[in-house]
Amino acid sequence: MNIRHDVPAAFDAGAAAYDGLVDANPGYHDHLRLSARRMALPDGGRGMRLLDAGCGTGASTAALLAAAPHAEIVAVDGSAGMLAQARAKDWPKSVSFIQSYVEQLAANGVHGPFDGIFAAYLVRNLADPDTVLRTFRDLLRPGSTLAVHEYSVRDSRSARMMWNLVSTAIIIPMGRIRTGDAALYRYLRDSVNGFDGVSEFLNRLRQNGFVNTRSATVSGWQRGVVHTFLAESPR
């Protein structure tokens, strides 16, 4: 399988073990919640409609729900296996899950406008990120926020070293033990190394029509490795 070209199918195979792996990652859920809070959604999201793009097993959905407990949340993912894990959890009626590649949202009944979009560990896996970012821009109400929670290490030698140490010594071996196959986790390591640096990704957001772009990192070993990228649709 060429994982780059069929990421959802690769995650189908690893879906059952996925939560156990990320739960073992210190700070994983805290950092997702931090990125969701950084969207600064007012009044707990009351009256708002939010999109969780690439929701996986629902960790990002839970983070968004914690930041905006009164919002309607539409969570989408292309992997049937990951969505099955997400749907099996306990959710309020305000949360719905839809299987869709982010490139095919309209075809699968996902339409704007949204008052915010949260995309965690998604953009790095896209074959055509620019087209998807423009789609996100068009789905947002004017002035609304896109939050991209993502690995980005190319601008920092120390971040690259930390990422490759942790992924090679811990993530890939754990993935092999939990699933019997390390291919997805080798892809994870390599895709992070190949993804935009922080400055490059902020520029990509601007080139695709977003304004007020900025970023902030997180704590722990992920400092300088994981970032919240924030941008707004033009008013």
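Residues numbered from 1 in each chain as written. Predicted model: local features only at pLDDT ≥ 70, side-chain atom pairs only at ≥ 80, totals over all residues. Heavy atoms only, no water.

Help me out: how do you make sense of the sheet that holds strand β2 (residues 72–77) in this one?
Pairing between sheet strands relies on hydrogen bonds along the backbone, with the strands arranged either parallel or antiparallel. Strand order across the open sheet formed by 7 strands is β3-β2-β1-β4-β5-β7-β6, with mixed pairing between neighbours. The open sheet has two edge strands, β3 (95–99) and β6 (211–217), and neither has a second partner. Each strand of the sheet is rotated relative to its neighbour by a mean of 15°, with strand direction disregarded. With 5 bridges connecting them, β2 and β3 associate as parallel partners. Paired with A75 across the bridge in β3 is F97. (Pairing = 2+ DSSP bridges. Helix = DSSP H or I, 4+ residues; strand = E, 2+ residues; numbered from the N terminus. Axes fitted to C-alpha atoms, helices over the stretch in contact; angles between N-to-C directions.)

Sorry, what's going on with the nonpolar core here?
Across soluble globular proteins, nonpolar side chains have a tendency to be buried as a group. Counting 45 residues, the largest nonpolar core has L32, L50, L64, F97, F118, Y151 and W163 as its most contacted members. With residues near it in sequence (within four places) discarded, L64 still touches A36, M39, L41, L50, L51, D52, I73 and F118. Judged by nonpolar contacts, the second largest core, of 28 residues, contains V110, V123, L146 and L205. (Core = buried A, V, L, I, M, F, W, Y, C linked by side-chain atoms within 4.5 Å. Buried < 20%, exposed > 50% of the residue type's maximum accessible area, 1.4 Å probe, protein only. Contact = heavy atoms within 4.5 Å.)

Explain helix α8 (residues 198–207) to me, please; I cannot follow it from the model alone.
An α-helix turns once every 3.6 residues. As a result, residues three or four positions apart point the same way. Buried residues of α8: V198, F201, L202, R204 and L205, and no others. All buried residues of α8 lie within an arc of 155° about the axis, which places them on one face of the element. Buried residues along α8 sit in contact with α5 (129–139), β5 (140–151), β6 and β7 (226–232). The first or second residue beyond α8 is G209, which carries a positive phi of 95°. (Arc of directions from axis to C-beta.)

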